[in-house]
Amino acid sequence: DTGVSQDPRHKITKRGQNVTFRCDPISEHNRLYWYRQTLGQGPEFLTYFQNEAQLEKSRLLSDRFSAERPKGSFSTLEIQRTEQGDSAMYLCASSFSSNLRFSEQYFGPGTRLTVT
Amino acid sequence: LAKTTQPISMDSYEGQEVNITCSHNNIATNDYITWYQQFPSQGPRFIIQGYKTKVTNEVASLFIPADRKSSTLSLPRVSLSDTAVYYCLVLYGGSQGNLIFGKGTKLSVKP
């Protein structure tokens, strides 16, 4: 399977704990996006990378959230001191973009986080 | 404030054509419109993308009027397997940080 993969698929954690999610994009894709989706809502943009550079972050993203994409390959999203409001599906997407400003994104299956 | 608005739900029957409209009043000249399909417990899947007038591929058509303040996804002859949530996505102002999804339209196809 050469699609976008995410690990783990499900995570249950206690409030206050740190969690880290991993995303492996399609190998030739240079852009990688993280979204959060809650029940009944559309995906909400969190941050995006072009190669290894994190170029944009949502103003809604608190300081407890951090993302990395070392070497421009896989990416990790860490949430520190989790809160119950962090419970959501975290989606990763990747795309290949050259001189186009926006191109088709391929989404992974998501990581469902439950904070108890 | 950029906003992408679409109906919450729609019902249809197998074999019918379904049209789902999305409003994006603050769309700028060079902003693209993209539609995605999502099944439960899966990530969204790309359907179609357009900039103006009409785009057609093997699964759908996308109609964009001249003022570009709305767009319509057209699904010809839907089947039961088309039951899903459909999202409109607009990239506002060329900024990747301004990727705004609508809240989604839940399409229910009945036999």
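Relevant structure appears above.
Residues numbered from 1 in each chain as written. Chains lettered and ligands numbered in written order. Predicted model: local features only at pLDDT ≥ 70, side-chain atom pairs only at ≥ 80, totals over all residues. Heavy atoms only, no water.

Visitor: Could you give an account of the overall build of chain B, with specific residues and numbers?
Guide: When helices and strands are counted, chain B shows zero helices and 10 strands. Ordering the α and β elements of chain B from the N terminus gives β-β-β-β-β-β-β-β-β-β. Rg of the C-alpha trace for chain B: 13 Å, near the compact-globule value of 13 Å for 111 residues, within the 12% margin. Seen through its C-alpha atoms, chain B measures out along the principal axes to roughly 40 × 30 × 20 Å. Here chain B holds 111 residues, and 44% of them are scored as buried. (Helix = DSSP H or I, 4+ residues; strand = E, 2+ residues; numbered from the N terminus. Rg over C-alpha atoms; globule rule 2.2 N^0.38 Å. Buried < 20%, exposed > 50% of the residue type's maximum accessible area, 1.4 Å probe, protein only.)

Visitor: Which residues make up the pattern of salt bridges, and what values do they have?
Guide: Inspection of the entire model under this criterion finds five salt bridges over all chains. In this structure, the salt-bridge partner of R36 of chain A is E44 of chain A, at a minimum N-O distance of 3.3 Å. Owing to a relative accessible area of 27%, E44 of chain A belongs among the partly exposed residues under this scheme. Taking the shortest distance from any N to any O, the salt bridge between D11 of chain B and K110 of chain B comes out at 3.8 Å. One end of the pair, D11 of chain B, is in strand β1 (residues 9-13); the other, K110 of chain B, is in strand β10 (residues 105-110), with 99 residues separating them in the sequence. Look at D11 of chain B and you get exposed, because its relative accessible area is 54%. By relative accessible area, K110 of chain B is classed as partly exposed at 36%. (Salt bridge = Lys/Arg side-chain N within 4 Å of Asp/Glu carboxyl O.)

Visitor: Quick rundown of the nonpolar core? Include the residues and the values.
Guide: Residues and elements named next belong to chain B. Grouped together as the largest cluster of nonpolar side chains are 21 residues, with contacts concentrated most on I33, W35, I47, L73, L75 and Y86. For this core, the secondary-structure elements that each account for two or more residues are β2 (18-23), β3 (33-38), β4 (45-50), β6 (61-64), β7 (70-75), β8 (84-91) and β10. If you tally residues by element for this core, the top one is β8, at four residues. In this structure Y86 touches Q6, I20, W35, Y36, Q37, I47, L73, L75, G104, T105 and L107, once residues within four positions along its chain are discounted. (Core = buried A, V, L, I, M, F, W, Y, C linked by side-chain atoms within 4.5 Å. Contact = heavy atoms within 4.5 Å.)

Visitor: Please give an account of the environment of M89 of chain A that cites residues and values.
Guide: All names here are of chain A. Looking at the element boundaries, M89 is found in strand β9 (residues 88-95). The class for M89 is buried, based on a relative accessible area of 8%. In this structure, the C-alpha to C-alpha distance between M89 and Q37, residues 52 residues apart in sequence, is 5.0 Å. Beyond its immediate sequence surroundings of up to four residues, M89 is in contact with Y35, R36, Q37, P109, G110, T111 and R112.

Visitor: Just give me the short version of the interface of chain A and chain B, but keep the residues and values in it.
Guide: Facing the 21 residues of chain A at the interface are 24 residues of chain B. In total, about 1,900 Å² of surface goes out of reach between chain A and chain B, with carbon and sulfur atoms giving 54% of it. Taken together, chain A and chain B are joined by zero salt bridges. The tally of links between chain A and chain B comes to four residue pairs in polar contact (both at pLDDT 80 or more). Here the side of chain A that touches chain B is composed, by residue class, of nine nonpolar, seven polar and five charged. (Buried area = accessible area lost by both parts, 1.4 Å probe. Polar contact = N/O pair within 3.5 Å; in protein donor to acceptor, adjacent residues only side chain to side chain. Nonpolar A, V, L, I, M, F, W, Y, C, P; charged D, E, K, R; others polar.)

Visitor: Explain the state of the cysteines to me, and be specific about the residues and the numbers.
Guide: Residues and elements named next belong to chain A. As enumerated under the stated definition, the model contains two disulfides over all chains in all. What pairs with C23 in a disulfide is C92, and their sulfur atoms sit 1.8 Å apart. In this structure, the disulfide formed by C23 and C92 twists by about -65° around the S-S bond and is classed as left-handed. With C23 in strand β3 (residues 19-24) and C92 in strand β9, this residue pair connects regions lying 69 residues apart in the sequence. What makes C23 buried here is its relative accessible area of 0%. (Disulfide = S-S within 2.5 Å.)

Visitor: Account for the sheet that holds strand β1 (residues 5-7) of chain A, naming residues and giving values.
Guide: Residues and elements named next belong to chain A. Spatially, four strands are ordered β1-β3-β8-β7 in an open sheet, and the strand pairing comes out antiparallel. In this open sheet, the two strands that pair with only one neighbour each are β1 and β7 (65-68). Direction aside, neighbouring strands of the sheet carry axes that sit 15° apart on average. Across three bridges, the pairing between β1 and β3 is antiparallel. Paired with S5 across the strands is D24, a residue of β3. (Pairing = 2+ DSSP bridges. Axes fitted to C-alpha atoms, helices over the stretch in contact; angles between N-to-C directions.)

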